[in-house]
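As a plain string of letters, each chain reads:
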Amino acid sequence: MASSTIDNQLLTPRGRYMAILRLGLPILVGQVGQIVVGFADSAMVGNYSTDALAAASFVNNIFNIALLMCLGFTYGLTPLIGALFSSARNEDIGATLRRGIQVNFLFSMAITLAMGVLYLNLDHLGQPAHLLPLIRPYFLIYLASVVAVSLFQTFAQTSYAVNSSMMPMWVVLFCNLVNIFGNWLLIYGNLGLPQLGLTGAGIATLSARWLALAVIFAIFFSAKRYRPYRRTVIRPSRYGITRARIFRTSWPVSVQMGLETASFSVAAVMAGWLGANQLAAFQIFVTIGSLGFVIYYGMAAAMSVLVANASSCHDAPRLMRAIAGSGYVIILLLAALACVLFLSLGSHLIGVFSSDEAVVAMTASMIVPLAIYQLGDATQVNFANALRGTANVMPMLWIALFSYVVIGIPTTYIMAFICGWGIVGIALSFSVSLFTAGALFLIAFLRTTRP
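Here the structure is a predicted model, which means the values were calculated and not measured. (Residues numbered from 1 in each chain as written. Predicted model: local features only at pLDDT ≥ 70, side-chain atom pairs only at ≥ 80, totals over all residues. Heavy atoms only, no water.)

Thoughts on helix H4 (residues 77-86)
- The element H4 is largely enclosed, with a buried count of nine among its ten residues.
- Every buried residue belonging to H4 is among Leu77, Thr78, Pro79, Leu80, Ile81, Gly82, Leu84, Phe85 and Ser86, and all of these are buried.
- Of the residues one or two after H4, Ala88 is the one with positive phi, at around 60°. (Buried < 20%, exposed > 50% of the residue type's maximum accessible area, 1.4 Å probe, protein only. Helix = DSSP H or I, 4+ residues; strand = E, 2+ residues; numbered from the N terminus.)

In structure tokens, the structure reads:
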């Protein structure tokens, strides 16, 4: 796609909105599919037992750090390949993907090793002792899926960057169905299979993630759409962007997402300090809240790709700001919709995950805080992705460190324990860190795109 084509496409507000929606809707559908799996996992495990749901909450929130760091690391490819795509440099795209696969594999192995060390210290994290026999096998099964998630996202981000978001969507939806069917088979022991409970849910997720990698790999190396890039993916060449530059644009985004997720994961640990019921309620809260996040993310990811495409266009700073502004309008409307959904249907959503009256009541008390933080979440998602699209990613690291660690984690502890607000205090604290991050990402983006 020539830069003049992109100029014409994005020059008008209507063109920008349509471009974001066209690219973002398949990403959104794929992300919602992931959330449906999260809902199914939590609902099936929660109806199996409250202890299983509490153990899943702990492991999922701990692993969210690892998986989102891997996901963030793959994001480093998006602005690089997006800029190459706008200049029709197909050989460079293939060679850059090849190096991206190598770098992301090594990074995911390092994350796997770090999580393995954490596994050896699970009994030092203050969780209820009776949950540890459930936590340990589930943790190890999740550990075996880290590399698969990383490599799948490497191909998916490349596909997004070349304005082809439909293919990863269909792969994700297919493998989500496999995951849910595997849950039905292995959690409850249907069709003569053993009843494995939480461990069965882990095996189903592991199988679906490796299947997703196999399918997207097969499509990339067989479909006509990706033929222009295959030659330099398969054979080493001097084309493309160096591993060092890929690493430089990847690790700050990875750390930013890791720090953001860490604030939620530390909150999960604190919820465990309050008790097993509070931990189960926190898992339901996070699962419902993630529905809003992935909807924003789908549009923000599309907007980020278009910002990267615009980097090689005439009057790039103005066009980048216009694209980010259009994305923000769309995302704010989605945030308002999410608030209405949570406030009107929250009690019905909670009932899907647990029939334990104590857990349901605790989660219901967190619905208003959940609605409050949607605007902060929408703002930080939009401008973090806009900044990522410019490839000026270093500010993301410092903003995340300040917002989620320096401000967020102490605020969670203060509201939950010092103020005595318990699980509701944990939920309220997220608004503080998210609004702080959103404001700082906006300032950094405006400085980066100053004319």
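Let's talk about the packing of aromatic side chains
- Evaluated as defined, the whole model comprises 25 aromatic pairs.
- Summarising the aromatic geometry, the rings of Phe217 and Phe221 are spaced 4.7 Å apart at their centres and angled 45° between planes, so their arrangement reads as tilted.
- Given the relative accessible area of 26%, Phe221 is considered partly exposed.
- Their ring planes at 70° and their centres at 6.2 Å tell us that Phe285 and Tyr373 sit as a pair that is edge-to-face. Placement of the pair is Phe285 in helix H12 (residues 276-310) and Tyr373 in the loop between helix H15 (367-372) and helix H16 (374-389), with a sequence separation of 88 residues. Across this residue pair, the class does not change: Phe285 and Tyr373 are buried.
- Feature note: the residues Phe63, Tyr119, Tyr138, Phe139 and Tyr142 constitute an aromatic cluster, connected by ring pairs. (Phe/Tyr/Trp six-rings, centres within 6.5 Å; stacked < 30°, edge-to-face > 60°.)

Side note on the pattern of salt bridges
- Applying the stated criterion across every chain, the model contains two salt bridges.
- Here Asp92 and Arg89 are joined by a salt bridge, their closest N and O atoms 2.8 Å apart.
- Here Asp315 makes a salt bridge to Arg318, at a shortest N to O gap of 2.6 Å. (Salt bridge = Lys/Arg side-chain N within 4 Å of Asp/Glu carboxyl O.)

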